[in-house]
Amino acid sequence: MINAKIIMTENVITTKENATIAEAARVMLSKHVRSLVITEDNMPVAVVTQRDLIKGSLNKNPSKLKVKNIMNKKFMTITPDTTYQYIVKKLREEKIDKFPVVEQNKLVGIITETDIIDATRDFTRFHQIMQEVILAIFGLVTAFFLFFFSPLGQTISNALS
Amino acid sequence: MAKISRIMITDVPTLKKDSNVSGAAKLMVSKPHGCVVVVENKKPVGIITESDIVKNLISKNVNPKEKVSKIMSSPISSLSYDTTLEKANKIIDTKHFRRYPVMENGNLAGLVTEHSVIQAINDNIKFHRNIQNAVLIIFVIFEFLIFVLNEYIFNFLKFLG
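A quick note: this is a predicted structure, and the numbers were derived from the prediction, not measured. (Residues numbered from 1 in each chain as written. Chains lettered and ligands numbered in written order. Predicted model: local features only at pLDDT ≥ 70, side-chain atom pairs only at ≥ 80, totals over all residues.)

1. Focus on the overall build of chain A
Note the cut-off: Starting at the N terminus, helices and strands are each numbered in turn, a helix being any DSSP run of H or I of at least four residues and a strand any DSSP run of E of at least two. C-alpha atoms define the radius of gyration, and 2.2 Å times the number of residues to the power 0.38 defines the globule rule. Here a residue counts as buried when 20 or more other C-beta atoms sit within 10 Å of its C-beta, as exposed when there are 12 or fewer, and as partly exposed otherwise, the C-beta atoms being derived from the backbone. Each residue gets a C-beta atom placed from its backbone, and two residues are in contact if those atoms lie within 7 Å.
The secondary structure content of chain A amounts to six helices and five strands. In sequence order, the secondary structure elements of chain A are arranged as α-β-α-β-β-α-α-β-β-α-α. Here the C-alpha atoms of chain A give a radius of gyration of 26 Å, more than 25% beyond the 15 Å that 2.2 N^0.38 yields for 161 residues. Expressed as lengths along the three principal axes of its C-alpha atoms, the size of chain A is roughly 90 × 35 × 30 Å. In chain A, which comprises 161 residues, the share counted as buried stands at 25%. Across chain A, the fraction of contacts at a sequence separation of at least 24, relative to all contacts at a separation of at least 6, is 57%.

Written out as structure tokens, the structure is:
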């Protein structure tokens, strides 16, 4: 079973809820991420995405508006044992795409859409390889049947015995 | 093989080249796609993503009245509407963008995301693998009947005839 521990990003970029959205934007750009996790005592309390920043900046000056005014709760906390299938199901059905990973009341990682894309890409390759292996095994079995029960195979096996 | 025209989004948010940046930001947050395509006579000339808006409008304090042509990414990398999923996956793997305008006869026809392409391929492969395995199992049963039980079948046919 593939679980969250394998596909998560361990280096979570976090911010405090009192930061201004201009600061949050700078952190996002310098760390090359599309969302930040807002933590309190090492636990995720909210997330803020680029979309939230843009929405906030349309109304107010970015250096005055605080992150706590625009952050959202559209995330789902998971544990390192949560399965990949469960995460993909939530992503598809409930359109949640931020999954902070929490272990023993501590934030240990995050799974975003990018991690899920990478994992799915790897599984697709794995599926393709599995398909080739299964075909090869069946091909060999067929070859064995054809040879063993053909007149040539009979002659050789008779000669050997 | 499935074409990308089957999975593309057709209601792409578009803007004229002389619109301003705040207009682009407003359009972007009103639609769920996370990007705006800049068009000139129905031909896409550039693309603006959430990152571009965050970088310019919030972090660099670009004037919201500035033209979108100043901040858009141009030229764009687009896909033709009759590209197969596999081909699209290879192109995405080398270019590392997340969103690709889809062109039909030089005009903008839709938009595909990296995630939808990967997901569609994964679903296809699972489906094909199940069918392939069913066919292989039937084939092996057939071989077993022909090669292993052939004497019994011949005797049975003689008995009938």
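2. Looking at the pairing of strand β2 (residues 35-40) of chain A
Residue and element names in this part refer to chain A. Just so we agree on the cut-off: Note on pairing: DSSP must find at least two bridges between two strands before they are called paired. Handedness of a crossover is defined as follows: with both strands directed away from the viewer, a clockwise route from the first strand across the helix to the second makes it right-handed.
Strand direction decides the pairing type here: strand β1 (residues 14-15) and β2, joined by two bridges, are parallel. The residue bridging Thr 14 from the neighbouring strand is Val 37, located in β2. On the question of chirality, the crossover connecting β1 to the parallel β2 by way of helix α2 (residues 21-31) is right-handed. Bridging between β2 and strand β3 (residues 43-49) involves six bridges; their strand directions are antiparallel. Bridge assignment links Ser 35 to a residue of β3, and that residue is Thr 49.

3. Side note on the domain arrangement of chain A
Test applied: Either an automatic procedure or a domain database provided the assignment from which the domain bounds are taken.
Here the domain parsing of chain A yields domain 1 (4-117) and domain 2 (130-160). Just the C-alpha atoms count here: the centres of domain 1 of chain A and domain 2 of chain A sit 56 Å apart.

4. Quick notes on the packing of α2(A) against helix α3 (residues 50-59) of chain A
All names here are of chain A. Rules: Under this scheme, a helix contributes an axis fitted over its contacting stretch, all axes are lines through C-alpha atoms, and angles between N-to-C directions fall in the 0 to 180 degree range. In this scheme the crossing of two helices becomes right-handed for a clockwise turn of the near helix relative to the far one and left-handed for an anticlockwise turn of less than a right angle. Side-chain classes follow a simple rule in which Ala, Val, Leu, Ile, Met, Phe, Trp, Tyr, Cys and Pro form the nonpolar group, Asp, Glu, Lys and Arg form the charged group, and the remainder, Gly included, forms the polar group.
With their axes 11 Å apart at the nearest point, α2 and α3 run at an angle of 145 degrees to one another. Between α2 and α3 lies a crossing of left-handed hand. Only Gln 50, Leu 53, Gly 56 and Ser 57 of α3 make contact with α2, whose side of the interface consists of Ile 21, Ala 24, Ala 25 and Met 28. By residue class, the composition of the contact of α2 with α3 is five nonpolar, three polar and no charged.

5. Regarding the packing of helix α1 (residues 21-30) of chain B against helix α2 (residues 50-59) of chain B
All names here are of chain B. Put simply, the test is: To sort the angles, those under 35 degrees are grouped as roughly parallel, those over 145 as roughly antiparallel, those from 65 to 115 as roughly perpendicular, and the leftovers as oblique.
Between α1 and α2, whose axes approach to 11 Å, the crossing angle comes to 140 degrees. Classified by the interaxial angle, the pair formed by α1 and α2 is oblique. Note that α1 runs across α2; the crossing there is left-handed. Residues Val 21, Ala 24, Ala 25 and Met 28 of α1 form the contact with α2, whose own contacting residues are Glu 50, Ile 53, Asn 56 and Leu 57. Here the residues of the contact of α1 with α2 sort into six nonpolar, one polar and one charged.

6. Looking at the interface of chain A and chain B
Counting residues at the interface gives 29 residues for chain A and 29 residues for chain B. Broken down by secondary-structure element, the contributors of at least two residues to the side of chain A that touches chain B are α2, α3 and α5 (113-148) of chain A. Broken down by element, the side of chain A that touches chain B gets its largest block of residues, 14 residues, from α5(A).

7. Focus on the pairing of strand β5 (residues 106-112) of chain A
All names here are of chain A. One ladder, built from six bridges, connects strand β4 (residues 98-103) with β5; its direction is antiparallel. Note on β5: the bridge partner recorded for Val 102 is Leu 107. Linking two consecutive strands that pair antiparallel, namely β4 and β5, is a turn of two residues; a positive phi of about 50 degrees is found at Gln 104 within it.

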